[in-house]
Amino acid sequence: LFLCSKKKASSSNSTNCSSSGTDNDSNGHSNIDSPLVMNLSRGLRINNPGNIRPDYEIWKGEQFPSLDSSFKTFKTMEYGYRAMAIDLYSKVVNDGVDTISKIITKYAPPSDGNDTAGYITFVANGAGISPDQVLTKQDFLTPTGNPLMKKIVSLIELKEQGVTADSDQLNTGY
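Residues numbered from 1 in each chain as written. Predicted model: local features only at pLDDT ≥ 70, side-chain atom pairs only at ≥ 80, totals over all residues. Heavy atoms only, no water.

Engineer: Before we move on, could you go through the packing of helix 3 (residues 77-93) against helix 4 (residues 100-107) and cite the residues and values that matter?
Structural biologist: Packing of helix 3 against helix 4 brings their axes to within 11 Å, and their N-to-C directions diverge by 120 degrees. Here helix 3 is positioned oblique relative to helix 4, judged by the angle of their axes. Judged by the sense of rotation from one axis to the other, the crossing of helix 3 with helix 4 is right-handed. Between helix 3 and helix 4, the contacting residues are Met84, Asp87, Leu88, Lys91 and Val92 on the first element and Ile103, Lys106 and Tyr107 on the second. Here the contact of helix 3 with helix 4 is built from residues that sort into 5 nonpolar, no polar and 3 charged. (Axes fitted to C-alpha atoms, helices over the stretch in contact; angles between N-to-C directions. Helix = DSSP H or I, 4+ residues; strand = E, 2+ residues; numbered from the N terminus. Parallel < 35°, antiparallel > 145°, perpendicular 65-115°, else oblique. Left-handed = near helix turned anticlockwise from the far one by under 90°. Contact = heavy atoms within 4.5 Å. Nonpolar A, V, L, I, M, F, W, Y, C, P; charged D, E, K, R; others polar.)

Okay, here's the thing in structure tokens:
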């Protein structure tokens, strides 16, 4: 279960979430119908900060059946962060989706009603890089994870879910 509290950031309102509580089903998973869980964004309710859609990939920590017909559900937020980081890695290294512009266009295409240009600007500016800076395998592979990739994951979550990533959960998942 993720309980959130509003926290004033320097230039905008953000929300900080962390896992706690005992509002779980008999398997230890969040009770998605709980009043506490219902006020959270869809991605937080299903532990999917990047809103990863169902596909052929079966992720470590993926919950079956999914609690959402449009997005994957993960057992914990750490597993959701892990899936998001691996998904980004795969897009960069294997698919050539290797810039913020390409990543966000793939994740949040204009055809889905997204403000893709605004989203690209938000993530690139927040990460302190050009939208067209080429990302490489090395941007992911460090012993404790790469600060740039963690920042990108955090910014995508902030844009998708309206909350700031919990650094402990992100570090555990990454």
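Engineer: Can you break down unusual backbone geometry residue by residue, with the values?
Structural biologist: Glycine aside, negative phi is the norm for most residues, and most peptide bonds take the trans geometry. Of the consecutive residues phenylalanine 64 and proline 65, the connecting peptide bond is found in the cis state with omega at -10 degrees. Checked against the element boundaries, proline 65 lands in the loop between helix 2 (42-45) and helix 3.

Engineer: Explain the packing of aromatic side chains to me, using residue names and the numbers behind them.
Structural biologist: For the coordinates displayed, the defined rule picks out 0 aromatic pairs. The residue whose ring lies beneath lysine 91 is tyrosine 107, and the NZ or CZ to ring-centre distance is 5.2 Å. Here lysine 159 stacks its cationic end above the ring of tyrosine 119, 5.9 Å away from the centre of that ring. (Phe/Tyr/Trp six-rings, centres within 6.5 Å; stacked < 30°, edge-to-face > 60°. Lys NZ or Arg CZ within 6 Å of the ring centre and 35° of its normal.)

Engineer: Could you give an account of helix 4, with specific residues and numbers?
Structural biologist: The periodicity of an α-helix, 3.6 residues per turn, causes residues three or four places apart in sequence to face the same way. For helix 4, the complete set of buried residues consists of Ile100, Ser101, Ile103, Ile104 and Tyr107. One side of helix 4 carries all its buried residues, which in axial view fall inside an arc of 165 degrees. Next to the buried residues of helix 4 lie helix 3, helix 5 (116-127) and helix 6 (147-161). (Buried < 20%, exposed > 50% of the residue type's maximum accessible area, 1.4 Å probe, protein only. Arc of directions from axis to C-beta.)

Engineer: Describe in detail helix 5, supporting the description with residues and values.
Structural biologist: For helix 5, which comprises 12 residues, the first-to-last C-alpha distance of 16 Å matches the rise-based estimate of 16 Å (1.5 Å per residue) to within 8%. In this structure, the buried residues of helix 5 make contact with helix 4 and helix 6. Remark: glycine 128 follows helix 5 within two positions and exhibits a positive phi of approximately 75 degrees. (Expected span 1.5 Å × (residues − 1).)

Engineer: Lay out the nonpolar core with the relevant residues and their values.
Structural biologist: Ranked by size, the top nonpolar core spans 30 residues in total, and within it Ile100, Ile104, Leu135 and Ile152 carry the most contacts. Elements with a contribution of two residues or more to this core: helix 3, helix 4, helix 5 and helix 6. Take this core: its biggest share by element is 6 residues, from helix 6. Once residues within four sequence positions are removed from consideration, leucine 135 is found in contact with Val92, Asp98, Ile100, Ile103, Ile129, Leu148, Met149 and Ile152. (Core = buried A, V, L, I, M, F, W, Y, C linked by side-chain atoms within 4.5 Å.)

Engineer: Residue-level account of the packing of helix 4 against helix 5, with values.
Structural biologist: Contact geometry of helix 4 with helix 5 gives a least axis separation of 9 Å together with a crossing angle of 135 degrees. In terms of their interaxial angle, helix 4 and helix 5 are classed as oblique. The handedness of the crossing between helix 4 and helix 5 comes out as right-handed. Along the contact surface, helix 4 presents Ile100, Ser101, Ile104 and Thr105, while helix 5 presents Thr116, Tyr119, Ile120, Val123 and Ala124. For the contact of helix 4 with helix 5, the class distribution of residues is 6 nonpolar, 3 polar and no charged.

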